Amino acid sequence: MWAIETRNLRKVFRPLLGGKPLTAVDNLNLQVPAGTVFGFLGPNGAGKTTTIQILIGNVYPTAGEAFVLGHRAGALAAKRKLGFLPEKFQFHDFLTAEEFLRMHGRLAKMDGATLRKRIDEVLELVGLSERRRSKIREFSKGMQQRIGLAQAILHDPDLVILDEPTSALDPLGRRRVREVVQYLKERGKTVFLNSHLLSEVELSCDQVAIINKGRVVKQGVLEDLLVNRSIVSIELQQATPQVLEAMAKVAQRVHPIDERRVTAEVAHEDDVPQLARAIIEAGGALMGLQAHRETLEDLFIQTVEGESK
Amino acid sequence: MSVIVALTLKEAMRRRAFLGTLIILIGLYGLTFLPRAFKEAFGGDQQQFEVGVNLAVLFGVDMIKFFSSVLAILLCAGAITAEIERGYLAAILPRPIHRWELYLGKWLGVMLFSAANATLWTAMLWASVAVQGEPRAEMWRALPYVLLYPVLYGTLALALSSFLGASIASMFTVAAGAFAYFADHFLRPIAGFFDVRLLQQMVWLSEWVLPMAVLKRLVQIRVDTILPPGFGERPRFGRPEVLEFLNPPVQNTDIAYVGLYIVIALLVGAVIFWRRDVQ
Ligand SMILES: Nc1ncnc2c1ncn2[C@@H]1O[C@H](COP(=O)(O)OP(=O)(O)OP(=O)(O)O)[C@@H](O)[C@H]1O
Ligand SMILES: [Mg+2]
């Protein structure tokens, strides 16, 4: 069963007083397997937040369908097993951390004893145990985001949707979020997260989808997507056309940066020595060469840039 | 839903607006001691004193109507769109509650709050005349109808807030109230000189917008008994239709109409909120 599934999902925003309609989500097809940590990536304005808002039932799609945990998005049955941290989180800040969680627990229909126990647990998990009696208004931005995360996992949901959960967090806080994600995964939960911090996504996600302009442009298991490809940074005395041409025969892509520097992408690590040989044989004066395995960031940039060309 | 009611009450308490109105009202209730003060300063008989107290009671009931409506508008006008824009609702709605539950919860919260305040103020009014040796029951008899004022205004403001920001929603609510007030207070006295049928149509229109005049009459018959002689009397001569227009009678259907208006406004607001995007 898919934890999340969308079929030709579309959302068009029409300005009230005329003006050009804006297609934020455009025939989006997503399949998120239950029990995975799923990274939902894309450049600013790609339609990630809009998609998430449709999934939790805050926004109605213009066309297409969305299913969450086997129910139509927005249905009570789906919302019961769903936890959500909004991107622009803004909570009832006159409540204390504890009161705030108690309110959310009651909204989630938790019973008193379980709720009390869970509040202690989640406050501990996000590292706010000592501030439980402080008003949310007195919290720093990062602390507010943490309490938001606590709220999202409070009722032990099967699916946790996090829209940029680490945007306000310090490195320690970000590591804590990774630990929380790990904790959820170990319990068989599905985590659907959207973040621009790709190194973190790479550390915690099993699968990713990259979207651009409201469409999925790449989706799959992270390990398959990043299979063995290498990015090679090359420094030459002079990047002549002959050298570039020779490189292009070996590499999948050649991207000159300036007179001296070039990045190239090879399909496999084993092609790196061959690339070096090709440069030298074409008469290039090789000053430096460094290869690294393709990162998610490389894949992201390549996918999104390739898309807009 | 009780969670939403509790949250709305907490929010209302936090806004402190009710403290402001309480202070203003305490000041105004000082006025109810004027008849007593006059009597002591200048003499005057018991009957004059009683008329003074009656006027003070009528004035006090009007104040309670006014301030409880203001309170309800203040709390309702920012309840939906303004909260969506501030981002509060985006975190609440993913919880397993229906949108109508949220809407109704907010409505109930504000109504409970305004009703509690109006009741407190009525008790204060009662006490302020009672300590002068004039315990009166009229304000209590009028209270159930007085409470309809904040309900009426609050429901309208909440319905408007389902698609308008706080300031515009309260502006439109106040404008509807002003239209109803204008129609009731200024169109009637000129009936002798103008086409009564046309004026009548305008009054009906205003009552469609907001049945405030209807409600006013409902309150009035509860407190009219203490009107000083000569006040509010019908003119003795004139065309019958003008006379009727000048002083419309209270009908049995009036309360039903006010009730229907409230129910419809509540439904319309809830449906708009149900269908809109929350983002
Ligand atoms: N309520 C709205 N009315 C009109 N346009 C909107 C609305 N919400 C979003 N959009 C537009 O839809 C597009 C997608 O926005 P969205 O917030 O989903 O992007 P995003 O992928 O989350 O971006 P980011 O990474 O910056 O958070 C943008 O062009 C945005 O301007
Ligand atoms: Mg976003």
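This one's a predicted model, so the numbers in the text were calculated from it and none came from an experiment. (Residues numbered from 1 in each chain as written. Chains lettered and ligands numbered in written order. Predicted model: local features only at pLDDT ≥ 70, side-chain atom pairs only at ≥ 80, totals over all residues. Heavy atoms only, no water.)

Draft legend 1. Inspection of the overall build of chain A at higher detail. Counting secondary structure elements, chain A contains 11 helices and 14 strands. Overall, chain A is about 75 × 50 × 40 Å in size when its C-alpha atoms are taken along their principal axes. A buried classification covers 51% of the 309 residues belonging to chain A. Long-range pairs, those at least 24 residues apart, make up 68% of the contacts in chain A between residues at least 6 apart in sequence. Approximately 14,400 Å² of chain A is accessible, and the part contributed by carbon and sulfur atoms is 48%. (Helix = DSSP H or I, 4+ residues; strand = E, 2+ residues; numbered from the N terminus. Buried < 20%, exposed > 50% of the residue type's maximum accessible area, 1.4 Å probe, protein only. Contact = heavy atoms within 4.5 Å. Areas by Shrake-Rupley, 256 points an atom, 1.4 Å probe, with all protein chains shown as cover.)

Draft legend 2. Focus on the site of ligand 1. Lining the immediate surroundings of ligand 1 are 15 residues, of which Gly-45, Lys-48, Thr-49, Thr-50 and Glu-87 of chain A lie closest. More than one chain reaches ligand 1: its neighbouring residues belong to chains A and B. At 2.6 Å from an oxygen atom of ligand 1 is found a side-chain nitrogen or oxygen belonging to Thr-49 of chain A. His-196 of chain A is positioned such that a nitrogen or oxygen atom in its side chain is 2.8 Å from an oxygen atom of ligand 1. Alone, ligand 1 offers 640 Å² of accessible surface; in the complex the protein occludes 66% of this. (Near = heavy atom within 4 Å. Polar contact = N/O pair within 3.5 Å; in protein donor to acceptor, adjacent residues only side chain to side chain.)

Draft legend 3. Main features of the nonpolar core. The biggest cluster of nonpolar side chains holds 124 residues, and the ones touching the most others in it are Leu-101, Ile-147, Leu-162 and Leu-296 of chain A together with Leu-210 and Phe-273 of chain B. Beyond its immediate stretch of four places on either side in the chain, Ile-147 of chain A contacts Phe-91, Ala-97, Phe-100, Leu-101, Leu-123, Leu-128, Ile-136 and Phe-139 of chain A. (Core = buried A, V, L, I, M, F, W, Y, C linked by side-chain atoms within 4.5 Å.)

Draft legend 4. Representation of the layout of surface pockets in the model. Considering only enclosed or pocket space, the second largest pocket measures out at about 450 Å³ in volume. Lining the second largest pocket are 27 residues, with Thr-49, Gln-53, Glu-87 and Lys-88 of chain A together with Gln-279 of chain B sitting closest to its centre. Secondary-structure elements contributing two or more residues to the lining of the second largest pocket are helix 1 (48-55) of chain A together with helix 5 (81-86) and helix 6 (88-92) of chain B. Ranked by the residues each element gives to the lining of the second largest pocket, the list is headed by helix 1 of chain A, at 4 residues. (1 Å grid on protein atoms, 1.4 Å probe; cavity = no way out; pocket = protein on both sides within 12 Å on 5 of 7 lines; lining within 4 Å. Points joined across faces, edges and corners; volume = space filled by probe spheres on them.)

Draft legend 5. Structural context of empty space enclosed by the protein. All names here are of chain A. A full pass over the atoms with the stated rule returns 4 cavities of 30 Å³ or more. Approximately 60 Å³ is the volume attributed to the largest cavity. As for the largest cavity, its lining consists of Thr-166, Val-177, Arg-178, Val-181, Leu-193, Ser-195, Glu-200, Val-201 and Ser-204. Across the lining of the largest cavity, the residue classes break down as 4 nonpolar, 3 polar and 2 charged. (Nonpolar A, V, L, I, M, F, W, Y, C, P; charged D, E, K, R; others polar.)

Draft legend 6. Molecular detail of the packing of aromatic side chains. This structure, assessed with the given rule, holds 7 aromatic pairs over all chains. Between Phe-89 of chain A and Phe-91 of chain A the ring centres are 6.0 Å apart and the planes differ by 20°, which places this aromatic pair in the stacked class. A relative accessible area of 5% means that Phe-89 of chain A is categorised as buried. Given the relative accessible area of 2%, Phe-91 of chain A is considered buried. Aromatic rings pair up to connect Phe-38, Phe-40 and Phe-192 of chain A into one cluster. Arg-99 of chain B extends its terminal NZ or CZ atom over the ring of Phe-273 of chain B, reaching a point 5.7 Å from the ring centre. The ring of Trp-274 of chain B carries Arg-275 of chain B above its face, with NZ or CZ at 5.0 Å from the centroid. (Phe/Tyr/Trp six-rings, centres within 6.5 Å; stacked < 30°, edge-to-face > 60°. Lys NZ or Arg CZ within 6 Å of the ring centre and 35° of its normal.)

Draft legend 7. Expanded view of a nonpolar patch on the surface. All names here are of chain B. A surface patch of nonpolar side chains, about 500 Å² in accessible area, is lined by Leu-31, Leu-34, Phe-38, Phe-42 and Phe-59. At 3 residues, helix 3 (residues 34-42) tops the list of elements feeding residues into the nonpolar patch. One can find Phe-42 in helix 3. Classification of Phe-42 as exposed rests on a relative accessible area of 65%. (Patch = residues over 30% accessible without salt bridge, like charges linked within 9 Å, V, L, I, M, F, W, Y side chains within 5 Å. Salt bridge = Lys/Arg side-chain N within 4 Å of Asp/Glu carboxyl O.)

Draft legend 8. Layout of the interface of chain B and chain A. Each side of the interface is counted separately: chain B has 27 residues, and chain A has 30 residues. With both chains or domains summed, chain B and chain A bury close to 2,700 Å², and 58% of this area falls on carbon and sulfur atoms. Joining chain B to chain A, the criterion identifies 1 salt bridge. In this structure, the salt-bridge partner of Asp-277 of chain B is Lys-11 of chain A, at a minimum N-O distance of 2.7 Å. Mapped onto the side of chain B that touches chain A, the elements with two or more residues apiece are helix 1 (2-15), helix 5, helix 6 and helix 14 (252-275) of chain B. (Buried area = accessible area lost by both parts, 1.4 Å probe.)

Draft legend 9. Structural context of the sheet that holds strand 2 (residues 22-33) of chain A. All names here are of chain A. If you trace the 4 strands from one edge of the open sheet to the other, you get 2-1-4-5, paired in antiparallel fashion. Both edges of this open sheet fall to strand 2 and strand 5 (71-72), since each of them pairs with a single strand only. Sheet topology places strand 1 (residues 2-13) next to strand 4 (residues 63-68); 5 bridges connect them, and they run antiparallel. Bridging from a neighbouring strand, Thr-6 pairs with Ala-66 of strand 4. Sheet contacts for helix 1: strand 1, strand 2 and strand 4; angle to strand 1, the most-contacted strand, approximately 115°. (Pairing = 2+ DSSP bridges. Axes fitted to C-alpha atoms, helices over the stretch in contact; angles between N-to-C directions.)

Draft legend 10. Structural context of unusual backbone geometry. Residue and element names in this part refer to chain A. Its identity as a non-glycine residue notwithstanding, Asn-27 has a phi of 50°, on the positive side. Mapped onto the secondary structure, Asn-27 falls in strand 2. Owing to a relative accessible area of 31%, Asn-27 belongs among the partly exposed residues under this scheme. At Glu-164, a residue that is not glycine, the phi angle is positive and equals roughly 50°. Checked against the element boundaries, Glu-164 lands in the loop between strand 7 (159-163) and helix 6 (171-186).

Draft legend 11. Molecular detail of the environment of Leu-149 of chain A. Residues and elements named next belong to chain A. Mapping Leu-149 onto the fold places it in helix 5 (residues 141-153). Overall, the relative accessible area of 6% leaves Leu-149 in the buried class. The spatial distance from the C-alpha of Leu-149 to the C-alpha of Thr-240 is 53 Å, given a sequence separation of 91 residues. Once residues within four sequence positions are removed from consideration, Leu-149 is found in contact with Leu-85, Val-126, Leu-162, Val-177 and Val-180.

Draft legend 12. Quick look at the domain arrangement of chain A. Under the domain assignment, chain A is made up of domain 1 (2-220) and domain 2 (230-293). Taken over C-alpha atoms, the centre of domain 1 of chain A sits 42 Å from the centre of domain 2 of chain A. (Domains from an automatic or database assignment.)

Draft legend 13. Fine view of the packing of helix 9 (residues 148-161) of chain B against helix 14 of chain B. All names here are of chain B. Their axes nearest at 8 Å, the elements helix 9 and helix 14 cross at an angle of 25°. Looking at the two axes, helix 9 sits roughly parallel to helix 14. Of the two possible hands of crossing, helix 9 and helix 14 adopt the one that is left-handed. Taken together, the residues of helix 14 that come into contact with helix 9 (itself represented by Leu-148, Val-151, Leu-152, Thr-155, Leu-156 and Ala-159) are Ile-255, Val-258, Tyr-261, Ile-262, Ala-265, Leu-266 and Gly-269. (Parallel < 35°, antiparallel > 145°, perpendicular 65-115°, else oblique. Left-handed = near helix turned anticlockwise from the far one by under 90°.)

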